[in-house]
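# Structural features, examined
The lines below spell out each chain.
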Amino acid sequence: MNLAIQPDSLQISQGAIAIVWKADYASTVPGGWTVIFFEDSNNDLQLYYDSTNVFFGLFDGTAYVYSSTQSFSKGDVLHLLMTWGPGGLNLYRNGVNIATSATYTPPATAATMEFGELAGGYNIDGEILGITIYDVELSAAQALEIYTAAAQLIADGQKVEN
């Protein structure tokens, strides 16, 4: 499946971003921390992890969507895929849907996407092993197919491009 788009192109009406991340910390580090995987410069579309509350969150500028409790250990590699569009907001971890909303509100204005290190001082704690941007909203079956195709590379600790 080759749905990836060219760099520097992101549809705000619908799309998906897959991030493969190797954690530098366990999910429940005392004192809490927040990992911002990506967000646009207007804070209208973001994926983050909140260790104080032990969940992943999605934000579309209007509504927050939270996963159930999600833990991981230091050194774990996670395949995270966020989709947005007419089908709402969805977040998949290793091919399984962990957060969903039936609605999605597209950002009102274009913005720059930032991955891993943001101007507000939020830095990703870990190593990004791959980022792929799609210009279509992906289905659950496609999310699982993309994860399955990447699983052996992830198991081997290799960089991943979907």
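Higher on the page you've got the structure.
Calculation notes
- Residues numbered from 1 in each chain as written.
- Predicted model: local features only at pLDDT ≥ 70, side-chain atom pairs only at ≥ 80, totals over all residues.
- Heavy atoms only, no water.
- Buried < 20%, exposed > 50% of the residue type's maximum accessible area, 1.4 Å probe, protein only.
- Helix = DSSP H or I, 4+ residues; strand = E, 2+ residues; numbered from the N terminus.
- Pairing = 2+ DSSP bridges.
- Polar contact = N/O pair within 3.5 Å; in protein donor to acceptor, adjacent residues only side chain to side chain.
- Axes fitted to C-alpha atoms, helices over the stretch in contact; angles between N-to-C directions.
- Contact = heavy atoms within 4.5 Å.
- Expected span 1.5 Å × (residues − 1).
- Bend = angle between axes of the 7 residues up to and from the residue.

Next up on the list: the pairing of strand 1 (residues 15-23). A regular strand places its side chains on the two faces of the sheet in alternate fashion. The element strand 1 is largely enclosed, with a buried count of 8 among its 9 residues. In terms of strand pairing, strand 1 meets strand 6 (residues 77-85) through 8 bridges, oriented antiparallel. Counterpart to I17 in the pairing with strand 6 is M82. When strand 1 meets strand 10 (residues 126-134), the two strands line up antiparallel, connected through 8 bridges. Paired with V20 across the bridge in strand 10 is G130.

Turning our eyes to something else, we now look at the side chain of D60. Examined against the element boundaries, D60 turns out to sit in the loop between strand 4 (55-59) and strand 5 (64-66). A polar atom in the side chain of D60 sits 2.8 Å from the backbone nitrogen of T62. A polar contact of 2.8 Å, which involves the side chain of D60, links it to the backbone nitrogen of A63.

Let's shift gears to the environment of Q142. As for its position among the elements, Q142 is in helix 1 (residues 140-155). For the pair Q142 and G95, spaced 47 residues apart in sequence, the C-alpha to C-alpha distance is 8.8 Å.

Here we come to the sheet that holds strand 8 (residues 96-101). With respect to topology, 5 strands assemble into an open sheet ordered 8-7-6-1-10, the strand pairing being antiparallel. Of all strands in the sheet, those bounded by a partner on one side alone are strand 8 and strand 10. On average, adjacent strands in this sheet sit at an angle of 15 degrees to one another, irrespective of strand direction. The strands touched by helix 1 are strand 1, strand 6, strand 7 (88-93) and strand 10; relative to strand 6, the strand with the most contacts, the crossing angle is about 155 degrees.

This part takes up helix 1. Along its 16 residues, helix 1 runs 22 Å from first to last C-alpha, staying within 8% of the 22 Å computed at 1.5 Å per residue. Maximal helix bending in helix 1 amounts to about 35 degrees, located at A149. All of the buried residues along helix 1 are A143, I146, A150 and I154. Where helix 1 is buried, its residues contact strand 1, strand 6, strand 7 and strand 10. Taken from the residues just after helix 1, G157 is the one with a positive phi, measuring 75 degrees.

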